[in-house]
Amino acid sequence: AGYLPFTTPGTLENGVVTELNVALQSLPTFSFSGKVKDAASGEGVPGAKIQVLNDDFTFNIEADAQGNFAIPAFYAGNYDLLAGKWGYKTAQLTSQDFSETNNSTEITLEKGIEDVFSLDLGWTVEGDAVQGHFELGDPIGIEPQAGIFVQPENDVPQDLGNSCYITGNVSDLQAGVQINGTTRLTSPEFDLTGMIEPTISYYTWLLTANITSNPPTAGNEQLIVKLTNGTQTVTVDKINFTNLFSPAFWKFKEINVLDTIMPTATMRIIFEIGDSDPNFLDIAEAGVDFFRAWDALPSAAGEPEKSGIALSVFPNPAAGEFFVNYKLDEWQGTGKLLVYNFLGQLVESQSLQFQEGKVMAGQGLEAGIYFVKIEVAGKSSEAVKLIVE
């Protein structure tokens, strides 16, 4: 990478070492620059992290105090560009053809508490584990048995990029598993004050094994999730792995913060895994991806009215498609079933043909949080929160 390809003949003789010296001509370089802007204000985002990459090159840089960045020696080509900062949602530009005549770009970031782990946004890793500490990267899949991955080969498909935090991200099974001690991943601070229904979500991966038993069985290590508000710390989730011979998979979790701890401006989330029983020799692989925090009150879905519209959604959580039972007190021959994502964006709309009935929805929805409601005769039902796993 970085040089023009070159072909030259060489004569090989059996039993004789042939030396062939080849000079490669480097590709021309040019200066590439850009700016990361706040989507609302248009001002530069100071200290934003930027990654520009393709199959041959990866450039990691940080914006200055005005949101500007520069790469002095850059190669022409087709690139993807990621930009992010803690307190903003990571943004991406894909398939950008950059050259000497197209050597600058701009990218805007929306404010939000979110990390897709494609960039290093300031999480800290601590612990006394002998090996298998959390590290950020594209996970290296380890498949000792057909279809059973000890370590995932991909991050969750619901977010941008290909990276996550994984314990011991190496291809060597014995050298990568987490053993003897604890590894802990802690987020930067985030502010949940001012939210009506502060909510967090994340994806986790876990596989554990007790290698002292014959045959090996699932281990007893847990991936523990904690929330701290600066003065108090509570455990909000304990993730177990139960069947060594069933494939592990990324699991989605959503938590209403008000049910667990008082929200403050100094919140942090902590993921921790370690030996819970020294009498068992357990090994573990754990992963964390796509962390978000938001106000679960869907403003874009509209304020609910006393509408005389009854609806229920099942199953909830749903594995994909779901059903809606409804009954309307008023009927003028038409109504609409509406599905919004957690950003308040409309993702599905269906016309209703009857005053009462059951309809199926959700085909093709990705895993995440959604809100379902019905509008009829100028009135709207309350939005029902739905989880798609």
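Residues numbered from 1 in each chain as written. Predicted model: local features only at pLDDT ≥ 70, side-chain atom pairs only at ≥ 80, totals over all residues. Heavy atoms only, no water.

S.K.: Can you help me understand the overall build of the protein in this one?
M.R.: Each helix and strand in the protein was counted, giving one helix and 26 strands. By its C-alpha atoms, the protein is 90 × 65 × 45 Å across when sized along the principal axes. The proportion of buried residues among the 389 residues of the protein is 45%. Sequence separation of at least 24 residues holds for 68% of the intrachain contacts in the protein that already meet a minimum separation of 6. A total accessible area of about 19500 Å² is found for the protein, and carbon and sulfur atoms account for 48% of it. Measuring between centres, the 20 positive side-chain charges of the protein sit 12 Å from its 50 negative side-chain charges. (Helix = DSSP H or I, 4+ residues; strand = E, 2+ residues; numbered from the N terminus. Buried < 20%, exposed > 50% of the residue type's maximum accessible area, 1.4 Å probe, protein only. Contact = heavy atoms within 4.5 Å. Areas by Shrake-Rupley, 256 points an atom, 1.4 Å probe, with all protein chains shown as cover. Lys, Arg positive; Asp, Glu negative; His and termini not counted. Charge placed at Lys NZ, Arg CZ, Asp CG, Glu CD.)

S.K.: Even after reading the chapter, I still don't get the pairing of strand β18 (residues 282-295), so can you show me in this structure?
M.R.: Consecutive side chains of a regular strand alternate in pointing toward one face of the sheet and then the other. The element β18 is extensively covered by neighbouring structure, given that 13 of its 14 residues are classed as buried. Note: strand β8 (residues 113-115) against β18, three bridges, orientation antiparallel. Bridged to Asp-115 within β18 is Phe-291. Bridge count for strand β11 (residues 164-167) against β18 is two bridges, and the pairing is antiparallel. Considered in β18, the bridge of Tyr-165 is made with Val-288. (Pairing = 2+ DSSP bridges.)

S.K.: Which parts of the structure should I look at to understand the sheet that holds strand β23 (residues 356-361)?
M.R.: Hydrogen bonds along the backbone pair up the strands of a sheet, which may run parallel or antiparallel. Strand order in the open sheet made by the three strands is β19-β20-β23, with antiparallel pairing throughout. On the outer flanks of this sheet lie β19 (309-314) and β23, each paired with one strand and no other. When the angles between neighbouring strand axes are averaged without regard to direction, this sheet yields 20°. (Axes fitted to C-alpha atoms, helices over the stretch in contact; angles between N-to-C directions.)

S.K.: Would you mind going over the environment of Ala-209 with me for this structure?
M.R.: Structurally, Ala-209 can be placed in strand β13 (residues 198-210). Along the chain, Ala-209 and Glu-221 lie 12 residues apart, while their C-alpha atoms are 8.5 Å from each other.

S.K.: I'm lost on the packing of aromatic side chains in this one. Help?
M.R.: The geometry of an aromatic ring pair is captured by two quantities: the separation of the ring centres and the angle between the planes. Per the counting criterion, the structure on display carries 24 aromatic pairs. Ring geometry for Phe-32 and Phe-98: centres 4.5 Å apart, planes at 55°, overall tilted. Taken together, the residues Phe-32 in strand β1 (residues 30-38) and Phe-98 in strand β6 (residues 91-98) connect sequence positions 66 residues apart. Assigned by exposure class, Phe-32 and Phe-98 land together as buried. Between Phe-314 and Phe-323, the aromatic rings sit 5.8 Å apart at their centres with planes inclined by 25°, giving stacked as the arrangement. The class of Phe-314 is partly exposed, set by a relative accessible area of 32%. By relative accessible area, Phe-323 is classed as partly exposed at 29%. Among the aromatic residues, those joined into a cluster by ring pairs are Phe-30, Phe-32, Phe-57, Phe-59, Phe-69, Phe-74, Tyr-75, Tyr-79 and Phe-98. (Phe/Tyr/Trp six-rings, centres within 6.5 Å; stacked < 30°, edge-to-face > 60°.)

S.K.: Would you explain the nonpolar core in this entry?
M.R.: Where a protein is soluble and globular, its nonpolar side chains tend to be buried together. Trp-123, Phe-190, Ile-200, Leu-227, Ile-269, Phe-271 and Phe-291 are the most contacted members of the largest nonpolar core, which has 59 residues in total. Mapped by element, the contributors of at least two residues to this core are β11, β13, β14 (223-228), β15 (233-239), β16 (251-256), β17 (268-274), β18 and β24 (368-376). No other element matches the eight residues that β18 contributes to this core. Apart from the residues within four sequence positions on either side, Phe-190 is in contact with Trp-86, Ile-113, Leu-227, Thr-264, Ala-265, Thr-266, Met-267, Arg-268, Ile-269, Phe-291 and Ala-293. Counting residues in hydrophobic clusters, the runner-up holds 23 residues, among them Ile-50, Val-52, Tyr-79 and Leu-81. (Core = buried A, V, L, I, M, F, W, Y, C linked by side-chain atoms within 4.5 Å.)

S.K.: Sorry, what's going on with unusual backbone geometry here?
M.R.: Outside of glycine, negative phi angles account for most residues, and trans bonds account for most peptide bonds. In this structure, Pro-315 follows Phe-314 across a cis peptide bond, with omega equal to -10°. Its location among the elements puts Pro-315 in the loop between β19 and β20 (322-328). Omega for the peptide link from Asn-316 to Pro-317 comes to 10°, which places this bond in the cis form. The residue Pro-317 is located in the loop between β19 and β20 in this model. Unlike most non-glycine residues, Phe-117 shows phi in positive territory, near 65°. By the element assignment, Phe-117 lies in the loop between β8 and β9 (124-127). Relative accessible area serves as the criterion here: at 0%, Phe-117 is assigned to the buried category.

S.K.: In this structure, what is going on with the sheet that holds strand β7 (residues 104-109)? I would like to understand it.
M.R.: Strand order in the open sheet formed by three strands is β4-β1-β7, with mixed pairing between adjacent strands. On the outer flanks of this sheet lie β4 (68-74) and β7, each paired with one strand and no other. Going from strand to strand, the sheet's axes swing by 20° on average, the running direction of each strand aside. Two elements, β1 and β4, share five bridges in a ladder whose sense is antiparallel. Paired with Phe-32 across the strands is Ile-71, a residue of β4.

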